[in-house]
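Fold and geometry: a report
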Amino acid sequence: MPYSIEIAATSAAPPEVVFEHLAVAEAWGVWAWFPAKPVREREGETTPNGEGAIRRIWPAREQVVAYDPPGHYSYVALSGLPIKNYRADVTFAPQPGGGGTAIRWQGRFEPKIPGSGPLIRLFLVQMLGRFARGVARHSEHCEPGCPAYR
C-alpha cells in the first residue's frame, strides 16, 4: 500500500536561493545534521546537480529525476531506506508581493516490511519537516561562500 507525505514551510529567501540549497548535496550538511557528510557521487546529465545526478545523503543514496530551477526539484531513493518506490517532489513558489518562498515537499513510498508503513510515514513527516524548516531558515542567512554557492 502506498503512503504519501506533504510538508509545507516558508522562507524569507527568494526561490532561487532555497532551490540551490536543496539541489547541492553538500549544502545539506550545513542546514541539517547527518552522521556522514552528504556528497554528490555522480554529476547530472546537463548540470552537476541536475537530472541524473546521484548523491549520498546518509543513509540514503538518491538520484535526481527533475531539476527545474527555481520551481521544482525531485529525487528518488535508490538504496539505504526501509522503503521502496520513494519519490520526493519539492516545489518552490514565490510568496505574494515578493516576500520569500513557499516550500512544498511531497513524498510517496511503499514500505518494504508489511505493517511498517504508518511508523515510517510518521518518521518521514518529522524528518522532512525538519529538512524543510532547516533549508528555509538557512537560506535566509546564507551569503556567498555558503555551500550552495559552489
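Reference entry: report on the structure contained in this document.

Here is what the cut-offs are and how they apply
Residues numbered from 1 in each chain as written. Predicted model: local features only at pLDDT ≥ 70, side-chain atom pairs only at ≥ 80, totals over all residues. Heavy atoms only, no water. Pairing = 2+ DSSP bridges. Helix = DSSP H or I, 4+ residues; strand = E, 2+ residues; numbered from the N terminus. Axes fitted to C-alpha atoms, helices over the stretch in contact; angles between N-to-C directions. Contact = heavy atoms within 4.5 Å. Buried < 20%, exposed > 50% of the residue type's maximum accessible area, 1.4 Å probe, protein only. Polar contact = N/O pair within 3.5 Å; in protein donor to acceptor, adjacent residues only side chain to side chain. Phe/Tyr/Trp six-rings, centres within 6.5 Å; stacked < 30°, edge-to-face > 60°. Lys NZ or Arg CZ within 6 Å of the ring centre and 35° of its normal.

Taken together, 7 strands build an open sheet; the order of strands is β1-β7-β6-β5-β4-β3-β2 and the sheet is antiparallel. Looking along the sheet, the strands with just one partner apiece sit at the ends: β1 (3-11) and β2 (39-42). Averaged over neighbouring strand pairs, the angle between their axes works out to 25 degrees when direction is ignored. Summarising the sheet, strand β6 (residues 83-94) and strand β7 (residues 101-111) pair through 10 bridges and their orientation is antiparallel. Bridging across to β7, Phe92 finds its partner in Ile103. Each of β1, β5 (72-79), β6 and β7 touches helix α3 (residues 117-141); the most contacted strand, β1, lies at about 20 degrees to it.

Moving on, we come to the side chain of Arg55. Secondary-structure assignment places Arg55 in strand β3 (residues 54-57). Looking at Arg55, the relative accessible area reads 2%, which means it is buried. Of the polar contacts made by the side chain of Arg55, one reaches the backbone oxygen of Leu22; its length is 3.2 Å. Looking at Arg55, its side chain comes within polar contact range of the side chain of Tyr73, at 3.0 Å.

Here we come to unusual backbone geometry. In this model, Trp58 is joined to Pro59 through a cis peptide bond whose omega is 0 degrees. Assignment of secondary structure puts Pro59 in the loop between β3 and β4 (60-68). Put simply, Pro69 and Pro70 share a cis peptide bond, and its omega is -5 degrees. By secondary structure assignment, the location of Pro70 is in the loop between β4 and β5. Within the chain, Asn85 stands out as a residue other than glycine whose phi angle is a positive 55 degrees.

The next thing to look at is the side chain of Glu62. Positionally, Glu62 belongs in strand β4. The buried category is assigned to Glu62, whose relative accessible area is 6%. Those residues in contact with Glu62 that lie beyond four places of it in its chain are Ala53, Ile54, Arg55, Ile57, Tyr75, Val76, Ala77 and Leu78.

In the structure shown here, the tally under the stated rule is 13 aromatic pairs. Between Phe19 and Phe92, the ring centres sit 5.5 Å apart and the planes meet at 75 degrees, which makes this aromatic pair edge-to-face. You can see Phe19 sitting in helix α1 (residues 15-23) and its partner Phe92 sitting in strand β6, a full 73 residues away along the chain. Pair check on accessibility: Phe19 and Phe92 agree, each one buried. A ring pair is formed by Tyr67 and Tyr73, whose centres lie 6.2 Å apart and whose planes are at 70 degrees; its orientation type is edge-to-face. Clustering of aromatic rings is evident, with ring pairs tying together Trp28, Trp31, Phe34, Trp105 and Phe131. It is Arg55 that lies over the ring of Tyr75; its NZ or CZ is 4.9 Å from the centre.

The quantities given are spatial measurements derived from coordinates; they are silent on function.
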